[in-house]
Amino acid sequence: EAEVGEIIEGCRLPVLRRNQDNEDEWPLAEILSVKDISGRKLFYVHYIDFNKRLDEWVTHERLDLKKIQFPKKEAKTPTKNGLPGSRPGSPEREVPASAQASGKTLPIPVQITLRFNLPKEREAIPGGEPDQPLSSSSCLQPNHRSTKRKVEVVSPATPVPSETAPASVFPQNGAARRAVAAQPGRKRKSNCLGTDEDSQDSSDGIPSAPRMTGSLVSDRSHDDIVTRMKNIECIELGRHRLKPWYFSPYPQELTTLPVLYLCEFCLKYGRSLKCLQRHLTKCDLRHPPGNEIYRKGTISFFEIDGRKNKSYSQNLCLLAKCFLDHKTLYYDTDPFLFYVMTEYDCKGFHIVGYFSKEKESTEDYNVACILTLPPYQRRGYGKLLIEFSYELSKVEGKTGTPEKPLSDLGLLSYRSYWSQTILEILMGLKSESGERPQITINEISEITSIKKEDVISTLQYLNLINYYKGQYILTLSEDIVDGHERAMLKRLLRIDSKCLHFTPKDWSKRGKW
C-alpha cells in the first residue's frame, strides 16, 4: 500500500463518491493536482469516463491506496493531436459503430418521398397492379391487430440528387405491421449520434480548416493542467449561488475567493459583497443591453450585438464558460449576436439563459453557444431557447443547425426538440378532399427550418427508417405516438411567433458591423 506522500499528479486509483442513487461507488480517477492547506493534503481528481463537471477536491480518506497506478514517464506528454489518454470522453465525439453504420441507411442525395398511412377500419386489402404503390402491402400480415401509423419513404428507380419531389400521403386499408424484422440494437441510447452531425466538420467535431468568421469551438490541443481544473469556487448571481462546472478565464486574483459576486444585469464581477453593493448604486441597468425583440408573459428575449456591447458580451461569455466545456474565445465577440432570455419580476429582467450566433455563418449555423443557467434547468427553458433560434431562422428564410460539438446536455435537448418537432409535423398530416396529402424531406425542413441532415439523422436516431422491397418504410408505433403526446402535454412553454418583433440584417455589408 502506497503512502499519502507518494501520491503525485498523474496517479490513477479508485476514489469514493456518491452516485445519483446516493450509493457509494469506487470509480477509477486520475489525480490532476495536489495542494497542502494547513498541513492537510487535498487531491483534485477527475473520474475516468465521467464528465469533467464531476471533478472535485477530495481528502486522502476517500482514496484507495491499495490499487494506485503510478504514471508512466512517456504518458506525461500529450499526443500530437493534443488529446492525452486521461481526458474524459465526450459523447459528441465518440460515435458508436452502430450509429455510424445506421447513418448510411438513407443517403442524402437520393430523391425520396414520404407516405403517411393513417389507420382506418379493417377492410380487405385490394389486389393492385404490379406498379400499384400498395402492392407490397399484400405481403404484410393483414390480420395483425396492433394499429400503427406508417410513413413510407420511397426511393425512385434512378437516384436523383434532389429532394423536392412531392410525396404521396394516403390512408392504407387494413392493419399493418413493421415491414422488416426487428434489428439488434434497435433501441438507441441517448448518446448515439448519426454520422450526419459530425460529418459537417472533421471527424472529431472540430472544423478542419480555420474559419473566416468567428467560432466558439474550443481547440482542445491547447488544454493544460490549469484549464482542466475548475478555478472558481462559487458565483453569486442575484438570488442564486452557482457552483461552476468547468474552468473559466476570470482574472487570476479572483480564483482564490470563496465567492465571486456578479451583477445580474450587467454581469460585471466583484471581489466582495461590499463591492457588489457599491456597484448596484451606480448600475442603471435592469435588463440586458440591446433590443427586446420578444415578450410574452414574463419571458423576454433581448438581442445584443457583440461589437456594440463588448463588455456585457465578454462578461456573459466568462459566465457561460463556467458551464460549457467545448467553447472558448470569450474576448472576440464582434462577429456574434447574443440572444438573452430573461424572466421578469418587480426587480427587473433576470437572466435565465442565452444563445449566441454568428452574424455571418458559411456553414448554416444558427447557434454557436447555448446555455440555460443551472437554477433554471429541467424546466423547459432549454427547448424554448432552441425553439426561438429556429423561429429566427424562419424569419430569415433559412435552415439552421447548431455549431458542433454539442455538450452532452445540449445534444439531449436538441435530439428531443428535433424529435418532437418532426413527429408533430408527421402526425398532423391530413388528407384533403379525399386526395393524398403530400410532403417531402425538403418541405419538413422548410416548415421547421431544421437542416435536412438533422431531419434525416433524427429519423434514424428514432430508429423509424427500415428498407423493404425497394422502399424506405418509416413506422410510427403506438409507443412512439403515445410517448410524443405525453411529452407535448408536459411542454407548456412555447414560442408565440406573433410576439416576435425581429428584422434580420444583411451582415455581408460590413458597414452594418
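Residues numbered from 1 in each chain as written. Predicted model: local features only at pLDDT ≥ 70, side-chain atom pairs only at ≥ 80, totals over all residues. Heavy atoms only, no water.

1. Section: the overall build of the protein
Short version of the rule: Helix and strand definitions follow DSSP, with helices as H or I runs of at least four residues and strands as E runs of at least two, each counted in order from the N terminus. Classification of residues uses two cut-offs on accessible area relative to the type maximum, computed with a 1.4 Å probe and protein chains only: under 20% is buried, over 50% is exposed, and between them is partly exposed. Note on contacts: a residue pair is in contact if any heavy atoms of the two residues lie within 4.5 Å. Surface accessibility follows the Shrake-Rupley procedure with a 1.4 Å probe radius. Residue values consider only the protein chains on display as shielding.
Summing up its helical and strand segments, the protein has nine helices and 21 strands in all. In the protein, which comprises 513 residues, the share counted as buried stands at 50%. By sequence separation, contacts in the protein at least 24 residues apart represent 69% of the contacts at least 6 residues apart. For the protein, the accessible area works out to roughly 25,700 Å², and carbon and sulfur atoms hold 50% of it.

2. Thoughts on the nonpolar core
Cut-off, in case you're wondering: Nine residue types can take part in a nonpolar core, namely buried Ala, Val, Leu, Ile, Met, Phe, Trp, Tyr and Cys, and a core is a set of them joined through side-chain atoms within 4.5 Å. Domain borders in the structure are assigned automatically or taken from a domain database.
Membership of the largest hydrophobic core comes to 79 residues, with the highest contact counts inside it found for Phe301, Leu319, Tyr354 and Phe388. Here this core gets nine residues from one element, more than from any other, and that element is helix α6 (residues 408–427). Taken together, domain 2 (230–393) and domain 3 (405–429 + 436–492) each give at least three residues to this core, which thus spans both. Not counting residues up to four positions away in its chain, the partners in contact with Tyr354 are Leu316, Ala320, Leu324, Phe338, Tyr339, Val340, Met341, Cys369, Ile370, Leu371 and Leu385. Ile31, Phe43, Val45 and Leu63 belong to the second largest nonpolar core, which has 14 residues in total.

3. Concerning the UniProt feature "active site" (unreviewed entry) in the protein
Basically, it comes down to this: UniProt positions are given in the numbering used here, feature names are shortened, and annotations may be inferred rather than shown by experiment.
The UniProt entry lists Glu403 under the feature "active site" (unreviewed entry), expressed in the numbering used here. Examined against the element boundaries, Glu403 turns out to sit in the loop between β19 (401–402) and α6. A residue is classified by how much of its surface remains accessible, and Glu403, at 1% relative accessible area, is buried.

4. Quick look at the side chain of Asp454
Definition in use: In this tally Asp and Glu are treated as negative and Lys and Arg as positive; neither His nor the chain ends contributes. Whenever Lys or Arg places a side-chain nitrogen within 4 Å of a carboxyl oxygen from Asp or Glu, that contact is recorded as a salt bridge. Contacts described as polar in this section are N or O atom pairs within 3.5 Å, which, within protein, must combine one atom able to donate a hydrogen with one able to accept it, while residues neighboring in sequence count only if both atoms come from side chains.
Along the chain, the position of Asp454 falls in helix α8 (residues 452–461). For Asp454, which is buried and forms no salt bridge, the nearest opposite charge comes from Lys404, at a distance of 4.7 Å. Polar contacts involving the side chain of Asp454 include one to the side chain of Thr401, which spans 2.7 Å.

5. Re the packing of aromatic side chains
Using the following cut-off: Any pair of Phe, Tyr and Trp rings, taking the six-membered ring for Trp, is counted once the centres come within 6.5 Å. Such a pair is stacked with planes under 30 degrees apart, edge-to-face with planes over 60 apart, and tilted for the rest.
On inspection of all chains with the given rule, the structure shows 18 aromatic pairs. Seen in terms of ring centroids, Trp245 and Phe323 are 5.6 Å apart; in terms of plane orientation they differ by 85°. Their pairing is edge-to-face. Remark: Phe323 occurs in the loop between α4 (310–321) and β15 (336–345) and Trp245 occurs in the loop between β10 (240–242) and β11 (260–262); sequence separation between them is 78 residues. Each member of the pair, Trp245 as well as Phe323, is classed as buried.

6. Concerning the state of the cysteines
Heads up, the rule is: For the purposes of this analysis, a disulfide is any pair of cysteine sulfur atoms at a distance within 2.5 Å.
Summed over the entire model, instances satisfying the criterion amount to zero disulfides. No disulfide involves Cys283; its nearest neighbouring cysteine sulfur is the one of Cys263, lying 4.0 Å away.

7. Things to note about α4
Worth spelling out the cut-off: One less than the residue count of a helix, multiplied by 1.5 Å, gives the span that helix is expected to have.
Look at α4: 16 Å from first C-alpha to last across twelve residues, which is about the 16 Å you get at 1.5 Å a residue. Counted residue by residue, α4 has nine buried out of twelve residues, so it is predominantly covered. Those residues of α4 lying buried are Tyr312, Ser313, Asn315, Leu316, Cys317, Leu318, Leu319, Ala320 and Lys321.

8. Comments concerning the side chain of Asp305
Here Asp305 is to be found in strand β14 (residues 299–305). In terms of polar contacts, Asp305 uses its side chain to reach the side chain of Lys359, at 2.8 Å.

9. With respect to the sheet that holds strand β1 (residues 12–14)
Heads up, the rule is: Should DSSP find at least two bridges between two strands, the strands are regarded as paired. Note on definitions: angles span 0 to 180 degrees between N-to-C directions of axes, and those axes are lines fitted to C-alpha atoms, for helices only across the stretch in contact.
With respect to topology, four strands assemble into an open sheet ordered β1-β4-β5-β6, the strand pairing being antiparallel. Only two strands of the sheet have a single partner each, and these edge strands are β1 and β6 (56–58). Averaged over all adjacent pairs, the angle separating strand axes in this sheet is 50°, with direction ignored. Taken together, the eight bridges between strand β4 (residues 28–37) and strand β5 (residues 40–47) define a ladder with antiparallel strand orientation. The residue of β5 that forms the bridge with Ala29 is Tyr47.

10. A word on the packing of helix α5 (residues 381–396) against α6
Let me state the cut-off plainly: Small angles under 35 degrees read as roughly parallel and large ones over 145 as roughly antiparallel, with 65 to 115 read as roughly perpendicular and the rest as oblique. The sense of a crossing depends on the near helix, which, turned anticlockwise from the far helix by less than a right angle, makes the crossing left-handed and, turned clockwise, makes it right-handed.
Two elements in contact, α5 and α6, have axes whose closest approach is 10 Å; the angle formed by their N-to-C orientations is 60°. It follows from the interaxial angle that α5 and α6 lie oblique. Once α5 is placed against α6, the crossing between them reads as right-handed. Residue-level contacts link Lys383, Ile386, Glu387, Ser389 and Tyr390 of α5 to Ser413, Tyr414, Ser416, Tyr417, Trp418 and Gln420 of α6.

11. Describing the pattern of salt bridges
Two side chains bearing opposite charge may form a pair once their charged atoms approach each other closely. Evaluated as defined, the whole model comprises 20 salt bridges. With its nearest N and O atoms 3.1 Å apart, the salt bridge here joins Lys52 to Asp325. Placement of Lys52 in the loop between β5 and β6 and of Asp325 in the loop between α4 and β15 is noted, with a sequence separation of 273 residues between them. Accessibility expressed as a relative area gives 14% for Asp325, which makes it buried. A salt bridge links Asp496 to Lys296; its shortest N-O distance comes to 3.4 Å. A residue pair is termed long-range when its members are at least 10 positions apart, and Asp496 in the segment after α9 (478–490) and Lys296 in strand β13 (residues 291–296) qualify at 200 residues.

12. Regarding a negative patch on the surface
This is how the line gets drawn: Only residues whose relative accessible area exceeds 30% and that form no salt bridge are eligible for patches; like-charged ones are grouped when within 9 Å, while nonpolar side chains (Val, Leu, Ile, Met, Phe, Trp, Tyr) are grouped when within 5 Å. By convention, the charge on Lys lies at NZ, on Arg at CZ, on Asp at CG and on Glu at CD.
On the surface, a cluster of negative charge is contributed by Glu478, Asp479, Asp482 and Glu485. For Glu478, the location among the structural elements is in helix α9.

13. Points about the packing of α6 against α8
How we decide: Gly is placed with the polar residues, together with every amino acid not listed as nonpolar (Ala, Val, Leu, Ile, Met, Phe, Trp, Tyr, Cys and Pro) or charged (Asp, Glu, Lys and Arg).
For the pair α6 and α8, the least separation of the axes is 10 Å and the interaxial angle reads 95°. Judged by the inter-axis angle, α6 sits roughly perpendicular to α8. Residues Arg415, Trp418, Ser419 and Ile422 of α6 pack against Asp454, Val455, Ser457, Thr458, Leu459 and Tyr461 of α8. Here the residues of the contact of α6 with α8 are counted per class, giving five nonpolar, three polar and two charged.

14. Concerning the environment of Arg286
For Arg286, the position within the fold is in the loop between α3 (273–280) and β13. Distance from Arg286 to Lys347, taken between C-alpha atoms, is 7.5 Å for residues 61 residues apart in sequence. Setting aside its immediate chain neighbours within four residues, Arg286 contacts Phe265, Leu280, Lys347, Gly348 and Phe349.

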